[in-house]
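# Coordinate inspection notes
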Amino acid sequence: MDLRAKLALLADAAKYDASCASSGTEKRDSRQGGLGSTEGMGICHAYAPDGRCISLLKVLLTNACVFDCAYCINRATSNVARARFTVAELVKLTLAFYRRNYIEGLFLSSGIIRSPDYTMEQLIRVARTLREEHGFLGYIHLKTIPEAAPELLAEAGRWADRLSINVELPQVASLKRLAPEKDLPAIGGAMQQLAGRIAEAKEARRTARRAAPPRFAPAGQSTQMIVGADDSDDRRILGKGAELYEKYGLRRVYYSGYSPIPEASSLLPPAPPPLLREHRLYQADWLLRFYGFGTEEILAGGEGGMLDLEIDPKLAWALKHRADFPVDLNSAPRELLLRVPGLGARNVERIVAARQEGRVRLADLARLRVPLRKVAPFLLAPDHRAAPGLLDSPRLRAMLTTPGGFGAQARPRQLSLFS
């Protein structure tokens, strides 16, 4: 199989892994020698329809695998064409794509071939060759194999900007049923090892006096959970995500909606979850990390352990806690402003800073491109007071979600060509 055919096959096989963002690493560029940059200058960025960054060369070393995970298209018993890159081929492709300004770095994963240790050694060889032999300074994300030896995980962090280990599913029982070769406690142990080394490297950089200390995954570690492959509800998925952030200091938890695969196991659902479910989980994850919400607070906006698919989780929470509103734009603490639907974390910081200079009006928020229709019922300002009874109105939800504003009564419909 020629290189072009391998690339087509192994790039397509890598599309099921969502964790490909290149944020959070240290700044490096090649102005003083070397090749590449982590800052994205002059690099072409591509985005999938759901917003994921695909500006990396995202590819598998091989789609052959000795594991038989039921949800994976590349499982051992899957009847798919197989291919494998050599280390030299992957290095050549990465450099060629970078020099053509197509990518900002490499996202490399793999099926398990021979053994976890052997596979991890091959992934490390790609990253080490790029760094040592070609002076590549661009971003490298290595998918890490938790069953590999600890010394291999330690070496991976020397060459990669980010490491990731996929937990796949939030429940031990589900993982045993659908991926019998994987072990959730073992995955947690590997994450703990990486977290310890990342923390040590960060502390060493902070206290270093002269020589730069050895680097270790400066962009941290991330993981991915599959949504809809088992019976886990949003409470269980978000709860697991919150646990991972707290225990291992993860930079990101990615949520990937299950996609039905050919010749799927009867253990799997026949249809994918609604795409909106994945989107709402990402929004809820943002509330956990940047807005001071707890898991149960977020879930209070939905029903039966599931998020409300029709509206975003912050608005869902606010509509069920109307007694906490309206809040005064000029006196409410930052923590309360963060809970106002339509106010993002960055704009809240701007509002708090602007209050040091004078009174902030609702009209001022328009200049920050805040959605006034969404925030208005929940705020008091010198130039604004919501209509009496609006906040308690049973129609408020419909008013906020119906296109056309508070006066709209019905959803817009497509005009007929014949009426």
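Since the structure is predicted, the reported quantities are computational estimates derived from the model, not experimental observations. (Residues numbered from 1 in each chain as written. Predicted model: local features only at pLDDT ≥ 70, side-chain atom pairs only at ≥ 80, totals over all residues. Heavy atoms only, no water.)

## A closer look at the packing of helix α6 (residues 184-207) against helix α7 (residues 234-248)
For the pair α6 and α7, interaxial distance at closest approach is 10 Å and the crossing angle is 35 degrees. Counted together, Leu184, Gly188, Met191, Gln192 and Ala195 of α6 and Lys240, Leu244, Lys247 and Tyr248 of α7 form the full contact between these two elements. Across the contact of α6 with α7, the residue classes break down as 5 nonpolar, 2 polar and 2 charged. (Axes fitted to C-alpha atoms, helices over the stretch in contact; angles between N-to-C directions. Helix = DSSP H or I, 4+ residues; strand = E, 2+ residues; numbered from the N terminus. Contact = heavy atoms within 4.5 Å. Nonpolar A, V, L, I, M, F, W, Y, C, P; charged D, E, K, R; others polar.)

## A look at the sheet that holds strand β3 (residues 139-143)
The 6 strands are arranged β1-β2-β3-β4-β5-β6 in an open sheet whose pairing can be described as parallel. With partners counted over all chains shown, the strands left at the sheet margins are β1 (56-60) and β6 (252-257), one partner each. For this sheet, the mean angle separating the axes of adjacent strands, direction not counted, is 20 degrees. Pairing of strand β5 (residues 221-227) with β6, which is carried by 6 bridges, proceeds in the parallel orientation. Looking at the pairing, Ile226 lines up with Ser256 of β6. (Pairing = 2+ DSSP bridges.)

## Remarks on the nonpolar core
Grouped together as the largest cluster of nonpolar side chains are 113 residues, with contacts concentrated most on Tyr71 and Phe378. For Phe378, the contacting residues outside a window of four places in its chain are Leu315, Ala318, Leu319, Phe325, Pro326, Val327, Val340, Pro341, Leu391, Leu396 and Leu400. (Core = buried A, V, L, I, M, F, W, Y, C linked by side-chain atoms within 4.5 Å. Buried < 20%, exposed > 50% of the residue type's maximum accessible area, 1.4 Å probe, protein only.)

## Notes on unusual backbone geometry
Residue Phe325 is joined to Pro326 through a cis peptide bond whose omega torsion reads 0 degrees. Phi is positive for Glu168, close to 70 degrees, though the residue is something other than glycine. Here Glu168 lies in the loop between β4 (162-164) and α5 (172-178).

## Comments concerning the environment of Arg158
Within the secondary structure, Arg158 sits in helix α4 (residues 150-159). By relative accessible area, Arg158 is classed as partly exposed at 44%. Beyond its immediate stretch of four places on either side in the chain, Arg158 contacts Arg215 and Phe216.

## A short note on the packing of aromatic side chains
Per the counting criterion, the structure on display carries 7 aromatic pairs. Taking the centre distance of 5.1 Å and the plane angle of 75 degrees together, the rings of Phe325 and Phe378 count as edge-to-face. Of the two residues, Phe325 sits in the loop between α10 (313-319) and β7 (327-328) while Phe378 sits in the loop between α14 (372-375) and β8 (379-380), which places them 53 residues apart along the sequence. Grouped by ring-pair contacts, the aromatic residues Phe293, Trp317, Phe325 and Phe378 constitute a single cluster. Note that Arg114 overlies the ring of Tyr118, its terminal NZ or CZ placed 4.2 Å from the centroid. Residue placement shows Arg339 over the ring face of Phe293; its charged tip is 4.1 Å from the ring centre. (Phe/Tyr/Trp six-rings, centres within 6.5 Å; stacked < 30°, edge-to-face > 60°. Lys NZ or Arg CZ within 6 Å of the ring centre and 35° of its normal.)

## Description of the pairing of β1
When a strand is regular, its side chains alternate between the sheet's two faces. Along β1, 5 of the 5 residues are buried, which leaves the element largely enclosed by surrounding structure. Burial of the side chains of β1 extends over both faces: Leu56, Lys58 and Leu60 are buried on one face and Leu57 and Val59 on the other. Direction of pairing for β1 relative to strand β2 (residues 105-109): parallel, over a ladder of 5 bridges. Counterpart to Leu60 in the pairing with β2 is Ser109. The parallel pair β1 and β2 is bridged by helix α2 (residues 87-99), and the resulting crossover is right-handed. (Right-handed = clockwise from strand over helix to strand, strands pointing away.)

## Brief notes about the side chain of Ser164
Looking at where Ser164 falls in the secondary structure, it is placed in strand β4. A polar contact is formed between the side chain of Ser164 and the side chain of Lys143, at a distance of 2.9 Å. (Polar contact = N/O pair within 3.5 Å; in protein donor to acceptor, adjacent residues only side chain to side chain.)

## Describing the packing of helix α3 (residues 116-134) against α4
Interhelical geometry of α3 versus α4 gives an angle of 25 degrees and a closest axis separation of 9 Å. It follows from the interaxial angle that α3 and α4 lie roughly parallel. Of the two elements, α3 crosses α4, and the hand of that crossing is left-handed. Together, Asp117, Met120, Glu121, Ile124, Ala127, Arg128, Arg131 and Glu132 of α3 and Leu152, Leu153, Glu155, Ala156 and Trp159 of α4 make up the contact between the two elements. Considered class by class, the residues forming the contact of α3 with α4 number 7 nonpolar, no polar and 6 charged. (Parallel < 35°, antiparallel > 145°, perpendicular 65-115°, else oblique. Left-handed = near helix turned anticlockwise from the far one by under 90°.)

## Concerning the pattern of salt bridges
Note that side chains of opposite charge can pair when their charged atoms are close. Counted by the stated rule, this structure contains 19 salt bridges. Here Arg128 makes a salt bridge to Glu155, at a shortest N to O gap of 2.6 Å. One end of the pair, Arg128, is in helix α3; the other, Glu155, is in helix α4, with 27 residues separating them in the sequence. Judged by relative accessible area, Glu155 falls into the partly exposed class, the value being 21%. The residue Arg339 makes a salt bridge to Glu297 at a minimum N-O spacing of 3.0 Å. Of this pair, Arg339 sits in the loop between α11 (334-337) and α12 (345-354) while Glu297 sits in helix α9 (residues 295-299), and the two are 42 residues apart along the sequence. Residue class for Arg339 comes out buried when judged on its relative accessible area of 12%. What makes Glu297 partly exposed here is its relative accessible area of 30%. (Salt bridge = Lys/Arg side-chain N within 4 Å of Asp/Glu carboxyl O.)

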